[in-house]
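Chains, contacts and geometry: an overview
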Amino acid sequence: MLGVLLGVLAAAGCFPVAEMEALESRIVEAGYTDVGVGHIMSTSGFDTVTVMAVEPSTTDEGAEIARLVWDTYPDEVDEVVVTLNGVSRSATRDQMLQAFGPRPLQPNPDEDTDLGDILLRVVGAALVLVVLIKVLSLLGRLGRR
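Think of each chain on its own: its residues are numbered from 1, step by step along the sequence as written. Thresholds applied to this predicted model are a pLDDT of at least 70 for local features of residues and 80 or more for the giving and counting of side-chain atom pairs; totals over whole chains, interfaces and linings are not thresholded and use all residues. Only hydrogens and water are set aside; all other atoms, that is, all heavy atoms of the structure, feed into the side-chain values.

1. Some points on the pairing of strand S3 (residues 79-84)
- When accessible area is computed with a 1.4 Å probe and restricted to protein chains, residues below 20% of their type maximum are described as buried, those above 50% as exposed, and intermediate ones as partly exposed. Where helices and strands are cited, they refer to DSSP runs of H or I of at least four residues and of E of at least two residues respectively, numbered from the N terminus. Along S3, 5 of the 6 residues are buried, which leaves the element largely enclosed by surrounding structure.
- Here 6 bridges tie strand S2 (residues 47-54) to S3, and the two strands are oriented parallel to one another. Within S3, the residue paired with Val-51 across the bridge is Val-82.
- Strands are labelled as partners when DSSP assigns at least two bridges between them. Sheet topology note: the S3/strand S4 (residues 87-92) ladder contains 6 bridges and is antiparallel. The residue bridging Glu-79 from the neighbouring strand is Thr-92, located in S4.
- Hairpin connection between S3 and S4: a loop of 2 residues separates the two successive antiparallel strands, and Asn-85 in this loop has a positive phi of roughly 55°.

2. A few points about the confidence of the model for the chain
- Averaged over all residues, the pLDDT of the chain is 79; the fraction at 70 or higher stands at 76%.
- On a scale of 0 to 100, pLDDT captures the predictor's confidence in every residue. Residue contacts are counted whenever heavy atoms from the two residues lie within 4.5 Å of one another. Scored below 50 in pLDDT, residues 8-15 makes 9 contacts in the model with residues more than four places away or belonging to other chains.

3. Concerning the packing of aromatic side chains
- Centre distance within 6.5 Å is the pairing criterion for rings of Phe, Tyr and Trp, where only the six-membered ring of Trp is used; planes under 30 degrees apart are then read as stacked, over 60 as edge-to-face, and the remainder as tilted. Scanning all chains against the criterion turns up 0 aromatic pairs.
- In this scheme, the term charge over a ring applies when either NZ of a lysine or CZ of an arginine sits within 6 Å of the ring centre and within 35 degrees of the ring normal. Its guanidinium or amino end placed over the ring of Trp-70, Arg-103 lies 5.2 Å from that ring's centre, counting from NZ or CZ.

4. Thoughts on the environment of Ile-27
- As for its position among the elements, Ile-27 is in helix H1 (residues 2-29).
- Ile-27 sits in the buried class, given a relative accessible area of 0%.
- Residues Ile-27 and Ile-65, 38 residues apart in the sequence, show an inter-C-alpha distance of 6.7 Å.
- Once residues within four sequence positions are removed from consideration, Ile-27 is found in contact with Tyr-32, Val-35, Val-37, Val-51, Ile-65 and Leu-68.

5. Re the pattern of salt bridges
- Salt bridges are defined as contacts in which a side-chain nitrogen from Lys or Arg sits within 4 Å of a carboxyl oxygen from Asp or Glu. Applying the stated criterion to the full structure yields 3 salt bridges.
- Between Asp-71 and Arg-67 there is a salt bridge; the shortest N-O distance is 3.6 Å. Taken together, the residues span about one helical turn, with Asp-71 and Arg-67 both in helix H2 (residues 63-72) at a distance of 4 residues.
- A relative accessible area of 22% places Asp-71 in the partly exposed class.
- Measuring nitrogen to oxygen at the nearest pair gives 3.4 Å for the salt bridge that ties Arg-93 to Asp-78. With Arg-93 in helix H3 (residues 93-100) and Asp-78 in the loop between H2 and S3, this residue pair connects regions lying 15 residues apart in the sequence.

6. What to know about unusual backbone geometry
- Backbone geometry at Asp-34 places phi at a positive 45°, although glycine is not the residue there.
- One can find Asp-34 in strand S1 (residues 33-41).
- Positive phi outside glycine occurs at Asn-85, with the angle close to 55°.
- Secondary-structure assignment places Asn-85 in the loop between S3 and S4.

7. Things to note about the nonpolar core
- What is meant by a nonpolar core is a set of buried Ala, Val, Leu, Ile, Met, Phe, Trp, Tyr and Cys residues, joined one to another through side-chain atoms within 4.5 Å. Ranked by size, the top nonpolar core spans 22 residues in total, and within it Ile-27, Ile-65 and Val-69 carry the most contacts.
- Going through the elements one at a time, H1, S1, S2, H2, S3 and H3 are the ones with two or more residues in this core.
- Looking at this core element by element, the count peaks at 5 residues for H2.

Set out below in structure tokens:
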């Protein structure tokens, strides 16, 4: 049962990883190098997409990358932090809405949190139960000696 739960948990995490890789590819195709993409979700459900990249042009401030995230990344985005050529800039959801207009994609804000949270709790509870059973079994054997 634990193996099945771990498999389901791993499968649930594949979609965001695939989407981050696709976003990274789109940023590389736009002419950036040394690209790294991350999606940080706080315990309160605040989603921050982080992008680190290098651009030969020193005039670029990361707006093109922020637009790529806003227009093409299908998960929830509350903030984008772009570190371009070592300089970090951020934009909130409201700032991007004002700069780029409504998102072409309308992600379900609860989609990426509920299933993962539930599966994580189930797997955690199963692991605690397995450890508890092992400890009680060991204590029972030691008591019989």
